[in-house]
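These are the residues of each chain, in order.
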Amino acid sequence: MNYIIVGYFLFTLLYSVFKGNNTYLSFTNGVKDGLKIVINMMSIVIIFNLCIKSFEYSGLFDYISNAFNNTGLINLLIQMLVRPMSSGSSYTILMSIYDKYGVNSYYSSVSTMIHSSCDTLFYIVTLYSSY
């Protein structure tokens, strides 16, 4: 694997020498543009992370789960609320529904549909509003 990286680096260097362009200047311009994009995205990512954590620490999920006790509907409701914010959390809820009700149950089918039919809203908003 190390030979591939070194080979790619040498190929790029030799190609730029034969083409006659300033490789160092192109590299530094690319790094500057990349840093601008990262800085623009970072503020949005921090705000979304703050919103998610405040929603998580508010205790709303605990309140809802205590209100509905042990039904599968509460797990589906929590998954519907969590899925736009976090794909990993939605997947964890999906796996817990599989473990609790089995893979072929009604709750498992609905949970799979919820998990696979929508994308993470905050990821999309962060990605498209950063440009």
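Refer to the preceding data block for the structure.
Quantities reported herein were computed from a predicted structural model and do not represent experimental measurements.

Trainee: With reference to specific residues and values, describe the overall build of the chain.
Mentor: Secondary structure assignment for the chain yields seven helices and zero strands. Each helix and strand of the chain, ordered N terminal to C terminal, gives the series α-α-α-α-α-α-α. Burial status across the chain gives 21% buried among its 131 residues. Within the chain, contacts between residues at least 6 apart in sequence are counted, and of these 58% link residues at least 24 apart.

Trainee: Explain the nonpolar core to me, using residue names and the numbers behind them.
Mentor: Counting residues in each nonpolar core, the largest one holds eight residues, listed as Ile74, Leu76, Ile78, Val82, Ile93, Ile97, Val110 and Ile114. Secondary-structure elements contributing two or more residues to this core are helix 4 (72-82), helix 5 (87-101) and helix 6 (106-117). Among the elements that make up this core, the one with the highest residue count is helix 4 (four residues).

Trainee: Go over helix 1 (residues 2-19) with me, naming the residues and quoting the values.
Mentor: Over its 18 residues, helix 1 extends 26 Å from the first C-alpha to the last, a length consistent with the 26 Å expected when each residue adds 1.5 Å. Counting buried positions along helix 1 yields one of 18 residues, so the element is predominantly exposed. Positioned one or two residues after helix 1, glycine 20 has a phi angle of 85°, which is positive.

Trainee: A description of the packing of helix 4 against helix 6 should follow, citing residues and the corresponding values.
Mentor: At a minimum axis distance of 10 Å, the contact between helix 4 and helix 6 shows a crossing angle of 5°. Judged on the interaxial angle alone, helix 6 and helix 4 are roughly parallel. Contacts between helix 4 and helix 6 involve Gly72, Leu73, Leu76, Gln79 and Met80 from the first element and Tyr107, Val110, Ser111, Ile114 and His115 from the second. Each residue belonging to the contact of helix 4 with helix 6 can be placed in one class, and the counts come to six nonpolar, four polar and no charged.

Trainee: An account of the packing of aromatic side chains is needed here, citing residue identities and associated values.
Mentor: The tally for this structure, following the rule as stated, stands at three aromatic pairs. Aromatic ring contacts, followed pair by pair, group Tyr101, Tyr106 and Tyr107 into a single cluster.

Criteria and cut-off values
Residues numbered from 1 in each chain as written. Predicted model: local features only at pLDDT ≥ 70, side-chain atom pairs only at ≥ 80, totals over all residues. Heavy atoms only, no water. Helix = DSSP H or I, 4+ residues; strand = E, 2+ residues; numbered from the N terminus. Buried < 20%, exposed > 50% of the residue type's maximum accessible area, 1.4 Å probe, protein only. Contact = heavy atoms within 4.5 Å. Core = buried A, V, L, I, M, F, W, Y, C linked by side-chain atoms within 4.5 Å. Expected span 1.5 Å × (residues − 1). Axes fitted to C-alpha atoms, helices over the stretch in contact; angles between N-to-C directions. Parallel < 35°, antiparallel > 145°, perpendicular 65-115°, else oblique. Nonpolar A, V, L, I, M, F, W, Y, C, P; charged D, E, K, R; others polar. Phe/Tyr/Trp six-rings, centres within 6.5 Å; stacked < 30°, edge-to-face > 60°.

Just geometry here; none of it tells us what the structure is for.
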